[in-house]
Amino acid sequence: MNQLQLQLQLLDAFKNSIRAFAKEEEGAQVVEYALIIAVVSIALVIALQALTAAGGGFATFITRVTTCLTTAVCV
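Residues numbered from 1 in each chain as written. Predicted model: local features only at pLDDT ≥ 70, side-chain atom pairs only at ≥ 80, totals over all residues. Heavy atoms only, no water.

## Quick word on the overall build of the protein chain
(1) Moving on: Along the protein chain, the regular secondary structure elements total 3 helices and 0 strands.
(2) Moving on: Helices (α) and strands (β) of the protein chain occur, in sequence order from the N terminus, as α-α-α.
(3) Moving on: Taken across its 75 residues, the protein chain has 1% of its residues classed as buried.
(4) Moving on: In the form shown here, the protein chain has an accessible surface area of approximately 6800 Å², with 70% of it arising from carbon and sulfur atoms. (Helix = DSSP H or I, 4+ residues; strand = E, 2+ residues; numbered from the N terminus. Buried < 20%, exposed > 50% of the residue type's maximum accessible area, 1.4 Å probe, protein only. Areas by Shrake-Rupley, 256 points an atom, 1.4 Å probe, with all protein chains shown as cover.)

The following block contains the structure:
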């Protein structure tokens, strides 16, 4: 095999690798999942802020659980 044929084979292999990389969709799926997780996380933070603000029901529940776990009296 001469030098030119070897270079052409290497160039073909490189082109095939670039094409395969461009067609790969796993990267796009990872980005989509990350965006979904981000949106759900933001929604959870907003929901928890509403539940814990100004003596909300969730804050009362957490206080009762804390009292039951740290003292002998459960209310």
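## Let's talk about the pattern of salt bridges
(1) Moving on: If you walk through the whole model with that rule in mind, you get 1 salt bridge.
(2) Moving on: A salt bridge links Asp12 to Lys15; its shortest N-O distance comes to 3.6 Å. In this pair, Asp12 and Lys15 both sit in helix H1 (residues 3-23), 3 residues apart, roughly one turn of the helix.
(3) Moving on: Residue Asp12 is classed as partly exposed on the basis of its relative accessible area of 40%.
(4) Moving on: Residue class for Lys15 comes out partly exposed when judged on its relative accessible area of 38%. (Salt bridge = Lys/Arg side-chain N within 4 Å of Asp/Glu carboxyl O.)

## Examining the confidence of the model for the protein chain
(1) Moving on: For the protein chain, per-residue confidence averages 81 on the pLDDT scale, and 87% of positions sit at 70 or higher.
(2) Moving on: Per-element confidence in the protein chain is highest for helix H2 (residues 26-52), whose mean pLDDT is 85, and lowest for H1, whose mean pLDDT is 78. (pLDDT = per-residue confidence, 0-100.)

## Focus: the state of the cysteines
(1) Moving on: Inspection of every chain in the model, using the stated rule, returns 1 disulfide.
(2) Moving on: In this model Cys68 forms its disulfide with Cys74; the gap between the sulfur atoms is 2.5 Å.
(3) Moving on: Since its relative accessible area comes to 52%, Cys74 is described here as exposed. (Disulfide = S-S within 2.5 Å.)

## Brief notes about a nonpolar patch on the surface
(1) Moving on: Together, Leu48, Leu51, Phe58, Phe61, Ile62, Val65 and Leu69 make up an exposed nonpolar region whose accessible area comes to about 630 Å².
(2) Moving on: The set of elements that each furnish at least two residues to the nonpolar patch consists of H2 and helix H3 (57-70).
(3) Moving on: Tallying contributions element by element places H3 first for the nonpolar patch, with 5 residues.
(4) Moving on: If you trace the backbone, Leu69 turns up in helix H3. (Patch = residues over 30% accessible without salt bridge, like charges linked within 9 Å, V, L, I, M, F, W, Y side chains within 5 Å.)

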